[in-house]
Amino acid sequence: MVSKAVTLADPDPEVGRTSIPVISVENLVHRYENRTALNGVSFEVRPAELFGLLGPNGSGKTTLFRILSTLMLPTAGRAVILGYDAAQDAAGLRRQIGVVFQAQSVDPKLTAYENLWHQGHLYGLHGAALRKRIAEILARVGLADRAKERVETFSGGMQRRIELAKGLLHHPGVLLLDEPTTGLDPGARRDLWQYLRILRDEEHVSVLVTTHLMEEAERCDRLAILNEGNLVALGTPAELKSEIGGDVVLLDAAQDAALLAEHIRARFHVETAVLGHQVRIERESGHRFVTDVVEAFPGEIQAVSVSKPALEDVFIHRTGHKFWSEGSEEDSEEPILKKKRR
Ligand code: ADP
């Protein structure tokens, strides 16, 4: 073993958490032949943190997830979890993590208990200790009373919770989940997030979850936002949104958005961004500004909106373009079945 496992330091009395990162991603690069999927990404995940990796399709989330879960080696850089280097000591690292992949890994013909029993054996757990742990973990994911039922009779949300239980059976310090709510209805999604928070708070597990949904990213303690393989933002959702001064004003141009933006810049000396047929402006007291603009350019504006900054605005602020390009899948409450190349 090249790297040595660290012992977590004493908790910080201020926050009750340790300051040594549980996941450390250092300048991570990954190339598939001539395509760069990760372009020097660095961030840290702290103990008992619910950390989100947010990015549109193709931004590199799955690539990073695969490197962290030791399925793939990075082209350059390092990923270290609880002191174990993913490239140097994959076996050691695997013992520290629980992984929930997008694809189903439970056997639907077996009961919840049997699924966990087999999983326990894979990790060298047996007998009374395993029985006790299965009971504990089923209670933790709210399925203690369904232990003897076949998983195929469970709802999608319950099946995901069995996946969670499988990932947690061997007491990992870190849980990695790849878009865990894909295919779940909004109620089941909320439920799953509730369980992730319970795991963080009561089992003190650090959770890294990938998502392409803003509403889920909002629920994370901190976020790394990826775009085309680059880390474009890092912080709590509130910190990230607060970097946008004031309100976000969106103006639908009656004709040419670029021309309208030029007129607004010349007249009001503000920065503008053109997003399709819309002009976007970040501005204090947006409602007053909108009145002035509409009066200044009658007939050039079809519709207006003023809103407080959202994570989507952080993405636009940092990248200059929308999270979802025109014609792509929309960010919605509805389950999105992603088309993957793999
Ligand atoms: P995400 O999970 O955010 O959708 P991915 O990590 O799957 O992003 O993809 C990042 C980039 O790498 C994309 O440009 C994608 O087309 C490319 N990519 C992913 N997997 C492969 C692969 N097996 N071979 C070649 N390119 C790939």
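Residues numbered from 1 in each chain as written. Predicted model: local features only at pLDDT ≥ 70, side-chain atom pairs only at ≥ 80, totals over all residues. Heavy atoms only, no water.

- Looking at an unreviewed UniProt entry, one finds the chain named Daunorubicin resistance ABC transporter ATPase subunit and attributed to Candidatus Sulfotelmatobacter kueseliae.

### Regarding the sheet that holds strand β10 (residues 230–235)
Consideration 1: Read across the sheet, six strands follow the order β6-β7-β8-β3-β9-β10 without closing on themselves; strand pairing throughout is mixed. Because the sheet does not close on itself, it has two edges, and the strands there are β6 (97–100) and β10. Across the sheet, the axes of successive neighbouring strands diverge by a mean angle of 15 degrees, strand direction being ignored.
Consideration 2: Bridge analysis of strand β7 (residues 174–178) against strand β8 (residues 206–211) gives five bridges, and the strand direction is parallel. Counterpart to Leu-177 in the pairing with β8 is Val-209.
Consideration 3: Relative to the sheet, helix α11 (residues 311–319) contacts β9 (222–227) and β10, its axis offset from that of β9 by approximately 45 degrees. (Pairing = 2+ DSSP bridges. Helix = DSSP H or I, 4+ residues; strand = E, 2+ residues; numbered from the N terminus. Axes fitted to C-alpha atoms, helices over the stretch in contact; angles between N-to-C directions. Contact = heavy atoms within 4.5 Å.)

### Side note on the sheet that holds strand β13 (residues 278–283)
Consideration 1: Read from one edge to the other, the open sheet built from four strands follows the order β12-β13-β11-β14, with strand pairing classed as antiparallel. The sheet is open, and its two borders are formed by β12 (273–275) and β14 (301–307), each paired with just one other strand. Each neighbouring strand pair of the sheet contributes to a mean axis angle of 25 degrees, computed without reference to strand direction.
Consideration 2: Where β12 meets β13, three bridges bridge the pair, whose relative direction is antiparallel. Each bridged residue has a counterpart across the sheet, and for Leu-275 the counterpart in β13 is Gln-278.
Consideration 3: The strands touched by helix α10 (residues 286–296) within the sheet are β11 (247–253), β13 and β14, with β14 carrying the most contacts at an inclination of about 170 degrees.

### What about the nonpolar core?
Consideration 1: With 46 residues, the main nonpolar core has Leu-138, Leu-164, Leu-175, Leu-177, Leu-196 and Ile-225 as its most contacted residues.
Consideration 2: Mapping this core onto the domain boundaries places at least three of its residues in each of domain 1 (23–238) and domain 2 (241–319).
Consideration 3: If we ignore the near neighbours within four places in the chain, the residues touching Ile-225 are Leu-54, Asn-230, Leu-231, Val-232, Ala-233, Leu-240, Val-314 and Phe-315.
Consideration 4: Among the nonpolar cores identified, the runner-up in size contains 27 residues, and Ile-23, Val-41, Ala-86 and Ala-224 belong to it. (Core = buried A, V, L, I, M, F, W, Y, C linked by side-chain atoms within 4.5 Å. Buried < 20%, exposed > 50% of the residue type's maximum accessible area, 1.4 Å probe, protein only. Domains from an automatic or database assignment.)

### A word on the pattern of salt bridges
Pairs can form between side chains of opposite charge whenever their charged atoms are close.
Consideration 1: Applying the stated rule across the entire model yields 21 salt bridges.
Consideration 2: Glu-203 is the partner of Arg-133 in a salt bridge, and the nearest nitrogen-oxygen pair spans 3.8 Å. Residue Arg-133 is found in helix α4 (residues 127–140), and its partner Glu-203 is found in helix α6 (residues 186–203); the two are separated by 70 residues along the sequence.
Consideration 3: Across the pair Lys-241 and Glu-218 runs a salt bridge, and its minimum N-O distance is 3.0 Å. Here Lys-241, found in helix α8 (residues 237–242), pairs with Glu-218, found in the loop between α7 (214–217) and β9; they are 23 residues apart in sequence, far enough to count as distant.
Consideration 4: The exposure class assigned to Glu-218 is partly exposed, which follows from its relative accessible area of 34%.
Consideration 5: Through salt bridges that share partners, Lys-132, Arg-133, Glu-136, Arg-140, Glu-202 and Glu-203 make up one connected network. (Salt bridge = Lys/Arg side-chain N within 4 Å of Asp/Glu carboxyl O.)

### Quick look at helix α3 (residues 112–122)
Consideration 1: Those residues of α3 that sit buried are Ala-112, Asn-115, Leu-116, Gln-119 and Gly-120. Viewed end-on, α3 has its buried residues packed into an arc of 135 degrees, placing them on one side of the element.
Consideration 2: One or two steps after α3, the chain reaches Gly-124, where phi turns positive at roughly 80 degrees. (Arc of directions from axis to C-beta.)

### Things to note about the pairing of β11
Consideration 1: In terms of burial, β11 is largely enclosed, as six of its seven residues are buried.
Consideration 2: Here six bridges tie β11 to β13, and the two strands are oriented antiparallel to one another. Along β13, the bridge assignment pairs Asp-252 with Gln-278.
Consideration 3: Alignment of β11 against β14, held across six bridges, turns out to be antiparallel. By the bridge assignment, Val-248 is partnered in β14 with Ser-307.

### Structural notes on the packing of α3 against α4
Consideration 1: Where α3 meets α4, the closest approach of the two axes is 10 Å, and the angle between their N-to-C directions is 130 degrees. One way to sum up the angle between α3 and α4 is to call them oblique. α3 and α4 meet at a crossing whose hand is right-handed. On α4, the residues touching Ala-112, Tyr-113, Leu-116, Trp-117, Gly-120 and His-121 of α3 are Gly-127, Leu-130, Arg-131, Ile-134, Ile-137 and Leu-138. (Parallel < 35°, antiparallel > 145°, perpendicular 65-115°, else oblique. Left-handed = near helix turned anticlockwise from the far one by under 90°.)

### Describing the environment of Val-99
Consideration 1: With respect to the helices and strands, Val-99 occurs in strand β6.
Consideration 2: For Val-99, a relative accessible area of 23% puts it in the partly exposed group.
Consideration 3: Separated by 31 residues in the primary sequence, Val-99 and Leu-68 have C-alpha atoms spaced 9.7 Å apart.
Consideration 4: Beyond its immediate stretch of four places on either side in the chain, Val-99 contacts Phe-65, Ser-69, Gly-167, Leu-175 and Leu-176.

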